[in-house]
Amino acid sequence: FLGYNVYKDGVKITETPILVNTFTDEIVNGESWIYGVTTVYESGESLPAEISVSATASIVMPDGWDFTASSRVHTIHIPSYAIQAGLNLQNGDMIGVFYSENGVEKCAGALEWSGEQTIMKAFGDSPETPWKDGFLQDETISWKVFFNQSQTTYPLSVTYSTQMPHHDGSFKMMGLSMLESLELGTVSVEEADVFTQNIGL
């Protein structure tokens, strides 16, 4: 027996196996991570025991935006230079990814916009639960934006960078993508009336 290795979303964060059975890490409000712990022997390393850890978001989640973090993650990089077509995202606004279940859209990952580059984690359906609580492999990822000031939600259209391995807009377990642009999606006449009352030229 040599000790324990600790992993954070599949990346080892302990330089060498630790011999104590406690570990401390700091995460930011609103973040969710999958931590894994393996036992290391001279003959090899065990499979990880995993746990999801979340920090309370700094703002209240919009209705229908709660989600379950699972060990199945598709990581989507949103660079600060991503083009905002028709958008003017402010601190406190939120972006979320959604899947469909019997025609109802449900959230599978969300983040608070900070104006800086960030990472969206789209969570897959958890094998530990008998119900669907995330994306299935190759399921289309839908995007929404929540404007905190007006407390309104709208669909988003996004384009993916072809420089990354996964850019067809579908969920892949351990997928890696990056956005090039975010654009306000198609809205109804009533939604457009509300939206135009909350923007200025």
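Per chain, residue numbering runs from 1 following the sequence as it is written. Where totals are concerned, whole chains, interfaces and linings use all residues; where local detail is concerned, this predicted model gives features only for residues with pLDDT of at least 70, and gives and counts side-chain atom pairs only at 80 or more. Here the side-chain values reflect all heavy atoms present in the structure, with hydrogen atoms and water set aside.

A few points about the side chain of Ser126
Thought 1: Helical segments are the DSSP runs of H or I of at least four residues, strand segments are the runs of E of at least two, and each set is numbered from the N terminus. In this fold, Ser126 is placed in the loop between strand 10 (118–123) and strand 11 (142–147).
Thought 2: With a 1.4 Å probe rolled over the protein chains alone, any residue whose accessible area is under 20% of its type maximum counts as buried; one over 50% counts as exposed, and the rest are partly exposed. On the accessibility criterion, Ser126 (7% relative accessible area) is buried.
Thought 3: Polar contacts, as used here, are pairs of N or O atoms within 3.5 Å; protein pairs need one atom able to donate a hydrogen and one able to accept it. Residues neighboring in sequence count only if both atoms are side-chain atoms. At 2.7 Å, the side chain of Ser126 and the side chain of Glu128 are in polar contact.
Thought 4: Contact between two residues is taken to exist if any of their heavy atoms lie within 4.5 Å; hydrogens are not considered. If we skip the residues at most four places from it in the chain, Ser126 touches Ser70 and Asp133.

Re unusual backbone geometry
Thought 1: Located in the positive-phi region is Asn102, a residue other than glycine, with phi close to 55 degrees.
Thought 2: One can find Asn102 in the loop between strand 8 (94–101) and strand 9 (104–112).

Describing the environment of Phe23
Thought 1: For Phe23, the location among the structural elements is in the loop between strand 2 (11–12) and strand 3 (32–41).
Thought 2: Assessed through its relative accessible area of 39%, Phe23 is described here as partly exposed.
Thought 3: Leaving out residues up to four positions away in the same chain, Phe23 has contacts with Val6, Ile13, Thr14 and Ile18.

As for the layout of surface pockets
Thought 1: The rule is simple: put a 1 Å grid over the protein atoms alone, call a set of points where a 1.4 Å probe fits but cannot get out a cavity, call an open set with protein on both sides within 12 Å along at least five of seven lines a pocket, and count a residue as lining if it has an atom within 4 Å of a point. Grid points are joined across faces, edges and corners, and a volume is the space filled by probe spheres set on the points. In this structure, the second largest pocket spans a volume of roughly 420 Å³.
Thought 2: If you go around the second largest pocket, you meet 16 residues; those closest to its centre are Asp9, Gly10, Val11, Ser71 and Met174.
Thought 3: Sort the elements by how many residues they give to the lining of the second largest pocket and strand 3 lands first, with 3 residues.
Thought 4: Taken together, the residues of the lining of the second largest pocket sort by class into 8 nonpolar, 5 polar and 3 charged. In this classification, Asp, Glu, Lys and Arg are treated as charged, Ala, Val, Leu, Ile, Met, Phe, Trp, Tyr, Cys and Pro as nonpolar, and every other residue, Gly included, as polar.

Quick look at the packing of aromatic side chains
Thought 1: Whether two aromatic rings pair depends on their centres lying within 6.5 Å, for rings of Phe, Tyr and Trp, where Trp uses its six-membered ring; planes under 30 degrees apart make the pair stacked, over 60 edge-to-face, and the rest tilted. What the rule picks out here adds up to 8 aromatic pairs.
Thought 2: Residues Trp65 and Phe98 carry aromatic rings whose centres are separated by 5.2 Å and whose planes lie at 80 degrees to one another, so their mutual orientation is edge-to-face. Taken together, the residues span a long stretch of sequence, with Trp65 in the loop between strand 5 (49–54) and strand 6 (73–78) and Phe98 in strand 8 at a distance of 33 residues.
Thought 3: Between Phe135 and Phe171, the ring centres sit 5.5 Å apart and the planes meet at 15 degrees, which makes this aromatic pair stacked. Separated by 36 residues along the polypeptide, Phe135 in the loop between strand 10 and strand 11 and Phe171 in the loop between strand 12 (152–160) and strand 13 (176–184) bring together distant segments of the chain.
Thought 4: Classification of Phe171 as buried rests on a relative accessible area of 2%.
Thought 5: Put simply, the rings of Phe1, Tyr4 and Tyr41 pair up and form one aromatic cluster.
Thought 6: Over the face of the ring belonging to Trp33 we find Lys121, whose NZ or CZ atom lies 3.0 Å from the ring centre.
Thought 7: Sitting above the plane of the Phe98 ring, Lys144 keeps its charged end 4.6 Å from the centroid. Charge over a ring is defined by NZ of Lys or CZ of Arg lying within 6 Å of the ring centre and within 35 degrees of the ring normal.

Focus on the pairing of strand 6
Thought 1: Of the pairings in the sheet, the one linking strand 6 to strand 10 comprises 6 bridges and is antiparallel in character. Its bridge partner being in strand 10, His77 is matched across the sheet by Ile119.
Thought 2: Judged from the 3 bridges that link them, strand 6 and strand 13 form a sheet pairing that is parallel. Across the sheet, His77 pairs through a bridge with Met178, a residue of strand 13. Any two strands with at least two DSSP-identified bridges between them are counted as paired.

So, the pattern of salt bridges
Thought 1: The salt bridge definition used is simple: a Lys or Arg side-chain nitrogen within 4 Å of an Asp or Glu carboxyl oxygen. This model, assessed by the stated rule, comprises 6 salt bridges.
Thought 2: In this structure, Glu101 and Lys106 form a salt bridge, with 2.8 Å as the shortest nitrogen-oxygen distance.
Thought 3: According to the relative accessible area criterion, Lys106 is partly exposed, its value standing at 33%.
Thought 4: Glu105 is the partner of Lys144 in a salt bridge, and the nearest nitrogen-oxygen pair spans 3.0 Å. Highlighted residues: Lys144 in strand 11 and Glu105 in strand 9, separated in sequence by 39 residues.
Thought 5: Taking the relative accessible area as the measure of exposure, Lys144 reaches 19% and is therefore buried.

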